[in-house]
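Coordinate analysis (summary)
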Amino acid sequence: MVLSHVKIAGTDKLVNIRVDGNKITNISSSIIIDLSNILQLSFDNAIVFPGLINSHDHLDFNLFPKLGNRIYRSYTEWGRYIHKNYKEEISSVLKIPVPLRNQWGIYKNLLCGVTTVVNHGEKLRMEDDLITVFEETHCLHSVQFEKGWKFKLNNPFKVKLPVGIHVGEGDDWPSFHEIDQLTEWNLLQKKLIGVHAVAMSENQAKKFEAVVWCPQSNYFLLNKTAKVNLLKKHTSLLFGTDSTLTSSWDIWEHLQLARKTKLLSDKTLYESINQNAAKIWQLNCGEIAAGKDADIVVAKKKPNSTGFDSFFGLSPADLLLVTHKGHIRLFDDTLLAQLKSADLSKFSKIYIGGASKYVQGDLPALIKKIRVYNPVVDFPVSIN
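Residues numbered from 1 in each chain as written. Predicted model: local features only at pLDDT ≥ 70, side-chain atom pairs only at ≥ 80, totals over all residues. Heavy atoms only, no water.

A closer look at the overall build of the protein
The helix and strand inventory of the protein stands at 13 helices and 17 strands. Taking 2.2 N^0.38 as the reference for a compact globule, 384 residues should give roughly 21 Å; the C-alpha atoms of the protein span a radius of gyration of 21 Å, in line with that estimate. In terms of its C-alpha atoms, the protein occupies a principal-axis envelope of roughly 65 × 45 × 45 Å. The contacts in the protein between residues at least 6 apart in sequence include a share of 68% that link residues at least 24 apart. Total accessible area on the protein stands at roughly 16600 Å², and carbon and sulfur atoms take up 51% of it. (Helix = DSSP H or I, 4+ residues; strand = E, 2+ residues; numbered from the N terminus. Rg over C-alpha atoms; globule rule 2.2 N^0.38 Å. Contact = heavy atoms within 4.5 Å. Areas by Shrake-Rupley, 256 points an atom, 1.4 Å probe, with all protein chains shown as cover.)

Here it is as structure tokens:
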């Protein structure tokens, strides 16, 4: 496959990209001419970037509406509150079988151009048929809610796995103190990936391999977010959405909010969802470069926008093409004429933000199955 006339996000450098198998094999400023039977897609006024890496999500929690109606001091206060005051809402979603909820969680990410998602929770052991569901972590919930966390943290059979854990998700002393508890009990000196870290200090950050920033979730619960402008001096920064319990389904809205805080430069924020995340999770993606996995997104370039303004101004409706390991997973209706030679029997048509898209798999059937269990679930796509 050859992708022609695309500008690399953040640079406006016009390139042509060749993909062979599951890898990017060539990037050139000149036209790549191939006389063999290879799919060639040409774009006009489009940007290209690595498939996004969402470093924190709960795939089975993405059919929930946002739960909560005030500002809380910590995740523990919020957790107790919603289980007391939203029993019916929680029960109605939990009636939906977990496999269906997980599958929607994958689609939620794919529709936004996410090609790798780090799932926090029980391991799914799912095939990477749409995107990569990364689960090579030792997953703990939190100091407050994970029973026996000290023993689990120091499990010698999982010493090589990085520990992903919610930590410091609050604006009170217990949220700050639990960070010290965690690091003091990390007797095996395992690599810690802290999620949220709103209460984290610069000194505490030194003991973490990385911090996953989830600003939209933080502001919804706490009206405050992590001091990432300071934490970045001492640890790597990644980016995550969390689930729809506390935030929007659309990662682009998360990124736009993050940018408005001005806590990070555009470049640092951009790298938190691609090359920095790929490095921490040891993935062969996150860059538009020869030899990397062909996880690629092409999107419409906004009129009169340049540099990172073009990238951060995107929405799911703007995505023209999403490839995962060299396979097309989603494409815009405007590419249909160029894809006549491709096998489209495994794709279904949906509408998002007024734009017509084709996505691999039978998403309309999935939505109908979910609505058998919960007819009032609100999806961000339409299927008619």
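So, next bit.
Observations regarding the sheet that holds strand S7 (residues 132–134)
A sheet is described by the order of its strands in space; here three strands give the open sequence S5-S6-S7, paired in parallel fashion. Each of the sheet's edge strands pairs with one partner strand only, and the pair in question is strand S5 (52–57) and S7. In this sheet, adjacent strand axes meet at a mean angle of 25 degrees when their direction is disregarded. Both strand S6 (residues 114–119) and S7 contribute to a ladder of three bridges, which runs parallel. By the bridge assignment, Thr116 is partnered in S7 with Thr132. (Pairing = 2+ DSSP bridges. Axes fitted to C-alpha atoms, helices over the stretch in contact; angles between N-to-C directions.)

Some details on unusual backbone geometry
Non-glycine residue Gln189 carries a positive phi angle of around 55 degrees. With respect to the helices and strands, the residue Gln189 is situated in the loop between helix H5 (173–184) and strand S10 (192–196). Residue class for Gln189 comes out exposed when judged on its relative accessible area of 66%. The phi dihedral of His196 falls on the positive side, at around 90 degrees, and the residue is not glycine. Looking at the element boundaries, His196 is found in strand S10. (Buried < 20%, exposed > 50% of the residue type's maximum accessible area, 1.4 Å probe, protein only.)

A closer look at the nonpolar core
Counting 81 residues, the largest nonpolar core has Phe49, Trp252, Phe311 and Leu363 as its most contacted members. With five residues, helix H3 (residues 98–110) is the largest single contributor of residues to this core. Beyond its immediate sequence surroundings of up to four residues, Phe49 is in contact with Ala9, Trp252, Tyr270, Ile288, Asp295, Ile296, Val297, Ala299, Phe311, Leu314 and Leu319. With 24 residues, the next largest nonpolar core counts Ile8, Ile24, Val298 and Phe331 among its residues. (Core = buried A, V, L, I, M, F, W, Y, C linked by side-chain atoms within 4.5 Å.)

Section: the sheet that holds strand S2 (residues 13–20)
In spatial order, the strands read S3-S2-S1-S4-S13-S14-S15-S17-S16; together these nine strands make up an open sheet with mixed pairing. The open sheet has two edge strands with one neighbour each: strand S3 (23–28) and strand S16 (347–352). This sheet shows a mean twist of 30 degrees between the axes of neighbouring strands, independent of strand direction. Bridging between strand S14 (residues 319–324) and strand S15 (residues 327–332) involves four bridges; their strand directions are antiparallel. Directly across from Thr323, in S15, lies its bridge partner Ile328. Its contacts with the sheet put H3 on S14, S15 and strand S17 (355–360), and the angle it makes with S17 is roughly 130 degrees. Packed on one face of the sheet, helix H13 (residues 363–373) meets S16 and S17 and runs near 70 degrees to S16.

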